[in-house]
Structures are given as structure tokens and as C-alpha cells.
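Each chain, letter by letter, is given below.
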Amino acid sequence: MTVPMPGVSYFYDPDTLAWVAPGRDPLLTGPAGWVAPPAVTAGSLPVGSANYGVPDSGQVLFVSPSGSNSAAGTISAPKQTLGGAISAASNGAIIVMRAGTYHETMSISKVVTIQAYPGEAVWLDGSSTYSSWTGTDPWTSALGPNWSPLDTSRFPLTTDAYGNLPEQVWIDGVAQRQIADGATPTAGQFSVDRTANTVTIGTDPSGKQVQVSDLNYAMILSAQVRLYGLGFRRYTPLEHEGLSAMLYFGGTSQGSIVEHCVLQESGYTALNTARSITLRNLTVQDCGNSGIQVTTASGFTLERFVIRRINRSLWKGQPHTAGIKITRTEGMLVKDGIIADTPGVIGFWLDVSVTKSVVINLDIDGTTSLAGAPNMDLGIHSELSDGGNYSDGQHHSWYVNCRVRNTKFGIKFLAAGYTNIANCKIESYSSVGVYLQQDERRNTGESGNLDPAVVPWLGRGTGLLNTDIGQGGLQVIAYHDPPSGTPLLLGW
């Protein structure tokens, strides 16, 4: 295997199995050993900084908080709400939103483009200002009419001191810590009473602005939609699975694009897609549970992104808490991204029948800023996944030019086969750098899984190539966990 010359900007091409650098021969020679990939520069422009041009043909509808839904939707007579513009839109319409905060929730089943007016800050915001409080230390208010309590049959309540619940409260812009239902909060905390439909805060609201999330999602998208230059914040998704995000893509939304958008302060997950969409220049931050969830979205693409300050409600890793979790998806591409500050759980997670995946230039830092919380448990995790054996032969999945640091485990493969780690760097881990494990699970073809011949859930064909594994705990370890008895150490 040849490696690039030091100082050359390059990437490893998993199709040709060669190092590629712009303007140079793809097969470069040089000294063996890890070579630092280029720094990741990613994420969205700040809300209000995007500059998407306004079309001068086709149906173009304008929206402004100062408008009226009975207006024509022109730039001089805009609609007042995004929902009003969508109702008036035909398939293929362009909706241009003027600066402001829009307290809305909607389902979109039309093919439309929604974009911010050039240089203007547009926020879809799921919170309301609460000003009517009773009692003293603590203070209580009725939750607004838009708030919906949890379906506890699918989202069991917890007695954990941190609550692990999706409601959100801010006082003068500072997020308050949710505690268990009905508990008495102290300064900086709040709790919810689901029977009485009330919220109680432990900080005196006098002279302060108190905002409470009382909408469950921003958009459910069931058609091909393009979102450009928008901000989404402060929604409280309800369900444990399914529609558990501020933005959810289903129906015929494949081919949708989200670009230069900021998604923040979701009480649960920021974005959930069950269709092949493209996300680029995306910033996801300050969410209660996960950043992005992807299921059955073959061809999914995510590039130039930042996911940070996730799992602020300190959920457990199982069954799905992560910076990104991708499930039952073929041929996805993730490149040029940063995942940081996801305490106690997983940064990047491929789980159950993910095949032909390519991950390039992913920078993961497990250090957390959340007081009292542990660092990220695991940086990169491939579980029950594979390169995939198809009619044209055995494929490999790839992690290329990735960096993982300040975690308990750097990279772990659990019953995951034909996956290569190439030119990656793992450092500052407390337990194991690269952990290879096979357990008793096998793909028996249950509904939703790919054919066992494609992905059998066997840990074989792993490549560890040109990778720098620094000091920490054990650098590389391999285990086989049989159905019963003592695990077998295969090597370290």
C-alpha cells in the first residue's frame, strides 16, 4: 500500500484503493505511517448570513411577520406565516422568508423550496414567552394549549435525577435543567406535572423573560423540499421513535436538500430521516438527546457539518443516543464533519445492516463541557454492519482520514465485517483504542434487515491501515463473546 507524501492535501479513494491528491498522480509514494489529513472546516453560516438569490420567474411567495395570510404573497404584500404560504403554494414554488421569528409547526406535502431572504435571520421557534406565574419559590404556570404530554407507553418516564425528558425552559436565554416529573426544582431547574399540565421553575421569574418549548416539531416533510439558510430551535419532540425530531423526512421526501441551516435546542433529536436526502453545511447543537437519526435512507449524504453539545439531558447510549446514528442504510456518504461534546454516549454510530458506507475526514472530540457529565463513551461505532456482499462481489465500508480523541473507546466494531480504518488517528482514550468484538448475534433475515448473505453480522475482513493509535489504555483488542461461557480474547 502506498501513502501520500507529507504536506500534500489528499484523500484515500475507496473505489481505486489509492491516495488521491488534486493535480497529482493518484498513487503517491512516501514514508509509511499516518499523515495528518487537512483540518475540517464545516458547519452552517450563522443564521442571517446566507445569501440565496431570489428567483425572478416561477411562483415566488414572500413571508413576513408583518404580513397577512390574506395578502397575495408578493414582496410588498407578504403572507404572515410559513403555513399560509405553503397553503397558497403550487408544486415547484419558491417561498422566501423575511427576517423574524415564526412560532409554527407544519406538515409539508408539496414540492417547494423554502429559503431565507438574502442576509436576513429567519428562525422557526417552538417556544413561547410565559409571564403568568403563581406561588413563590418555586413558581408554577399552566402549560400552553399547544403543549402535548408524553405518550408514556412509548416514552417511559424516569426517576433519574436529570429527568431524561424533552421539555425545555430558558430564563433570560439560559437553559434550565429539567428534573423528574413532580419534583421540586431549585434555582436553575424546572419540572413538569403531566397530570395538571403545569411547569414549575426554581428561579424567580420577576423581571425576567421565561420561554417554554410548547410546540413538538417544526416540520414533517413528505415531499421533496429544499431548505436554505434557515434556523430551527426550541421544539420539544415527543416520541421515543418515529416523529421524534424537529425535522422529520418521510413519504416521498427523497432528494430533499437541507443547506446552511442551524438546528438547535431540540428537546430530543434535531433531525430524523427515513428517506435518502442530502444535508450539507449543517450545524446541529444543544439538543437533549441525539443530533441526527437516519433509518432506511440508502444513498443518504451528509457533508460539511458540525454536531456539538448533544445529549444535554444525559440519556443512556442504548438504544439510540448519539451525535449521529444510521440504521439499515446502503451506500451512504459522510464527509468533512465535526462531532464534539456528546457526553456519555456515542459520537458516530452505524447500527444494524448498514452497508457500502464511506466516512471521510470526520473529527470527533469527546470532551464535554456539561458539568458532572462523563466524556463521550465511544467515538466511532460500527455494529451489525458490513461492506456488503452483492451480486458484483464483496464490498468494503471505509473510515478514512478520521480523528478520534478524548473518549473511553476510540473505534469499536461489534459483529461488523469488511470495514477498513485507513489513515486515521486515535488518541487520548482511557480504555481501548480499537476494539474488535464478535458476539452471538447473527442476521436471520428479520423484517427490515438486509439479506443475511449481504450482511451476516460477522466480524471478518477488517482492515486497520496506516493508522496512528496513541497511548491510553490497550491500543488494539479483539474478543469473541460466545452465547455462553467466558469471552475469548483473540488478540491485543
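Residues numbered from 1 in each chain as written. Predicted model: local features only at pLDDT ≥ 70, side-chain atom pairs only at ≥ 80, totals over all residues. Heavy atoms only, no water.

Enquirer: Honestly, the packing of aromatic side chains in this entry has me stumped. Any pointers?
Expert: Scanning the entire structure with this criterion turns up 7 aromatic pairs. When the centroid spacing of 4.7 Å and the interplanar angle of 15 degrees are considered together, the rings of Tyr 52 and Tyr 228 count as stacked. With Tyr 52 in the loop between strand S2 (18–20) and strand S3 (60–63) and Tyr 228 in strand S18 (residues 225–228), this pair connects stretches of sequence that are 176 residues apart. A residue is classified by how much of its surface remains accessible, and Tyr 52, at 16% relative accessible area, is buried. Positioned above the aromatic ring of Trp 123, the side-chain terminus of Arg 233 is 4.4 Å from the ring centre. The cationic tip of Lys 412 hangs over the ring face of Tyr 435; the distance from NZ or CZ to the ring centre is 4.7 Å. (Phe/Tyr/Trp six-rings, centres within 6.5 Å; stacked < 30°, edge-to-face > 60°. Helix = DSSP H or I, 4+ residues; strand = E, 2+ residues; numbered from the N terminus. Buried < 20%, exposed > 50% of the residue type's maximum accessible area, 1.4 Å probe, protein only. Lys NZ or Arg CZ within 6 Å of the ring centre and 35° of its normal.)

Enquirer: Sorry if this is basic, but what is going on with the environment of Ala 93 here?
Expert: Tracing the sequence through the fold places Ala 93 in strand S4 (residues 93–97). With 17 residues separating them in the primary sequence, Ala 93 and Lys 110 have C-alpha atoms 8.8 Å apart. In contact with Ala 93, other than residues within four places in its own chain, are Gln 59, Val 111, Val 112 and Thr 113. (Contact = heavy atoms within 4.5 Å.)

Enquirer: Is there a simple way to think about the pattern of salt bridges in this case?
Expert: Side chains that differ in charge, positive against negative, can pair when their charged atoms come close. Per the counting criterion, the structure on display carries 16 salt bridges. The closest approach of N and O atoms between Lys 325 and Asp 351, which form a salt bridge, is 3.0 Å. Residue Lys 325 is found in strand S26 (residues 322–327), and its partner Asp 351 is found in strand S28 (residues 346–351); the two are separated by 26 residues along the sequence. Of the two residues, Lys 325 and Asp 351, neither departs from the other in class, the shared state being buried. With its nearest N and O atoms 2.5 Å apart, the salt bridge here joins Asp 363 to Arg 405. Here the residue Asp 363 occupies a position in strand S29 (residues 358–365), and Arg 405 occupies one in strand S34 (residues 403–414), the gap between them amounting to 42 residues. In this pair, the class of Asp 363 matches that of Arg 405, namely buried. Taken together, the salt bridges that share partners define one network made up of Glu 167, Asp 181 and Arg 194. (Salt bridge = Lys/Arg side-chain N within 4 Å of Asp/Glu carboxyl O.)

Enquirer: Just checking my understanding: could you explain the confidence of the model for the protein for this structure?
Expert: The predicted structure's coordinates, where accompanied by low pLDDT, should not be read in detail. Confidence along the protein averages 88 in pLDDT terms, with 89% of residues attaining 70 or more. Per-residue pLDDT stays below 50 along residues 1–10; that stretch engages in 40 contacts with residues further than four places along the chain or on separate chains. Every residue in residues 21–31 is under pLDDT 50, and counting partners more than four places away or in other chains gives 25 contacts. (pLDDT = per-residue confidence, 0-100.)

Enquirer: Please clarify how the sheet that holds strand S10 (residues 139–142) should be interpreted in this entry.
Expert: Two modes of strand pairing occur in sheets, parallel and antiparallel, and in both the strands are linked by backbone hydrogen bonds. Strand order in this open sheet of 4 strands is S10-S15-S14-S13, and the pairing throughout is mixed. Lying at the two open borders of the sheet, with one neighbouring strand each, are S10 and strand S13 (177–178). As defined by bridge partners, S13 adjoins strand S14 (residues 189–193) across 2 bridges and the pair is classed as parallel. Directly across from Gln 178, in S14, lies its bridge partner Phe 190. (Pairing = 2+ DSSP bridges.)

Enquirer: I'm lost on the sheet that holds strand S16 (residues 210–213) in this one. Help?
Expert: Read from one edge to the other, the open sheet built from 4 strands follows the order S9-S16-S11-S12, with strand pairing classed as antiparallel. Every interior strand has two partners, whereas the edge strands, strand S9 (127–130) and strand S12 (174–175), have only one. The sheet contact formed by strand S11 (residues 169–171) and S16 spans 3 bridges and is antiparallel. Looking across to S16, one finds that Ile 171 is bridged to Val 210.

Enquirer: Just to check I follow, could you spell out unusual backbone geometry for this structure?
Expert: With glycine set apart, most residues show a phi of negative sign, and most peptide bonds adopt trans. Cis geometry marks the peptide bond from Asp 137 to Pro 138, where omega comes out at 15 degrees. Relative to the helices and strands, Pro 138 is located in the loop between S9 and S10. Pro 319 follows Gln 318 through a cis peptide bond whose omega is 5 degrees. Even without being a glycine, Asp 286 presents a positive backbone phi close to 60 degrees. Among the structural elements, Asp 286 can be located in the loop between strand S23 (278–285) and strand S24 (292–295). Asp 286 sits in the partly exposed class, given a relative accessible area of 23%.

Enquirer: Got a minute to help me understand the side chain of Gln 293 in this structure?
Expert: Looking at the secondary structure, you find Gln 293 in strand S24. Under the relative-accessibility criterion, Gln 293 is labelled buried at 10%. When neighbours within four sequence positions are excluded, Gln 293 is seen to be in contact with Thr 269, Leu 271, Asn 272, Thr 273, His 320 and Lys 325.

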